[in-house]
Amino acid sequence: MITPVPGFLPLRGRRVACLDFGGPGAPVLALHGHFGRGRLYAPLAAALTPGHRVIAPDLRGHGLTGGGGPFSLDEYVADAAALLRALRLGPVPVVAHSTGGVIAYALAARHPELVSALVIEDIGAVTDRPVVDHPVLDVSDWPTRAADREALRREIESHGIPDATYFLDSAEPDPGGGGWRLLFSPRELMESQRAMCGDFWAHWLGSDCPALLLRGEHSPMLPAAHAHAHEMTARRAGTALRKFAGCGHWIHDDAPEAYAGAVREFLTGR
C-alpha cells in the first residue's frame, strides 16, 4: 500500500480535504459516494501505480472537508471542476463510485475540457424510483458518537445495517469529546441523498469521452430487472459494461482485485 499525502485546498469558500497518492504517473481524479471519503481509493491507487497518480478529495459534507452544504448536483460538479483547475489538471480520467459517479458524468457533460474518460461504479442515469426501489438510506436517527469504534459499530448495525465497516471508515476518535465520532452529519447526508435522486439522462448522454460502466450483480442501485445498465451502454457511444458476479453496490470492497484490474485495463488500454 502506498501512503498518500494529505492536504487541504481553499475552494469555493470551504476547506477541502484531498489525498494525493503521488507518483510519476498520469493523474486520475477519484470521487467517492455518499458516506465515503477519499481514502477508500488507497487500494486502487496502489494497484494503478506507477502508471497513474490517484487524487481523491473528500466531497462536501464528507470526511475532513468542511462547510457542510448546500447539497446539489450543481454544487458537487462545481467543486470537482474547481479542484481540477486549482491543481492545474485536465483533461483527466475520473473514477467514481455511486453518487460520485453521477458527479463524474455530469462533470464530463458540463466541462468536457476537464475529463478524458469515465469509470462509473454501480450507478445509473436514473437514481430514483422506479429504477431504484430504495434510493435513500434512512440515517436520520443514527448515532453520531459512541464510547469507542466497536460501540459505534454496534449502534449503526442496530439500525439494520448488516456490516457497518464502510461507514466506520468515515469515523475517527473525537479529540474534543472523547470516544469516536462520525465525520458526516446524518441530517446533511439525508439532504444530500434526496438532492441526488433523479433522472440524469441528459448528463449521462452529454459527453462523448470513453466510459466504463461497472455493475455489481446483486446491487439494488443499478438493477438488471430494468436492463438499465444495458440501456446506458446502448444509448451512449463509446461505453463498455463490465459485470461483477457475486458483488453488491460496493464492488471495490467485494472484489477489490477484479475491480482494480478492470480499472487498470481500461485506463491503460485507451
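Treat the numbers as computed from the prediction; the structure is a model and nothing was measured.

**Q** Residue-level account of unusual backbone geometry, with values.
**A** A cis amide bond links Thr49 with the next residue in sequence, Pro50, at an omega value of 0 degrees. Examined against the element boundaries, Pro50 turns out to sit in the loop between α1 (42-48) and β4 (52-57). Cis geometry is found at the peptide bond from Gly90 to Pro91, where omega equals 0 degrees. You will see that Ser98, though not glycine, has its phi angle at about 55 degrees, which is positive. Following the sequence through the fold, Ser98 ends up in the loop between β5 (92-97) and α3 (99-110).

**Q** Account for the sheet that holds β4, with residues named and values stated.
**A** Strand order in the open sheet formed by eight strands is β1-β2-β4-β3-β5-β6-β10-β11, with mixed pairing between adjacent strands. Two strands lie at the open edges of the sheet, namely β1 (5-11) and β11 (239-244), each paired on one side alone. Across the sheet, the mean angle from the axis of one strand to that of its neighbour is 25 degrees, orientation sign disregarded. As paired strands, strand β2 (residues 14-20) and β4 are joined by three bridges and run antiparallel to one another. Residue Asp20 lies in a different strand from β4, and its bridge partner there is Ile55. Packed onto the sheet, helix α10 (residues 256-269) meets β3 (26-31), β4, β5, β6 (115-121), β10 (211-216) and β11 and runs at close to 165 degrees relative to β11.

**Q** Run through the layout of surface pockets, naming residues and quoting values.
**A** Approximately 1100 Å³ is the volume found for the largest pocket. Taken together, 48 residues make up the lining of the largest pocket; nearest its centre are His97, Tyr166, Phe167, His249 and Trp250. When contributions to the lining of the largest pocket are tallied by element, the ones reaching two or more residues are α1, α3, α5 (165-168), α9 (251-254) and α10. Looking at the lining of the largest pocket residue by residue, the classes come out as 25 nonpolar, 16 polar and seven charged.

So, how was this worked out
- Residues numbered from 1 in each chain as written.
- Predicted model: local features only at pLDDT ≥ 70, side-chain atom pairs only at ≥ 80, totals over all residues.
- Heavy atoms only, no water.
- Helix = DSSP H or I, 4+ residues; strand = E, 2+ residues; numbered from the N terminus.
- Pairing = 2+ DSSP bridges.
- Axes fitted to C-alpha atoms, helices over the stretch in contact; angles between N-to-C directions.
- Contact = heavy atoms within 4.5 Å.
- 1 Å grid on protein atoms, 1.4 Å probe; cavity = no way out; pocket = protein on both sides within 12 Å on 5 of 7 lines; lining within 4 Å.
- Points joined across faces, edges and corners; volume = space filled by probe spheres on them.
- Nonpolar A, V, L, I, M, F, W, Y, C, P; charged D, E, K, R; others polar.

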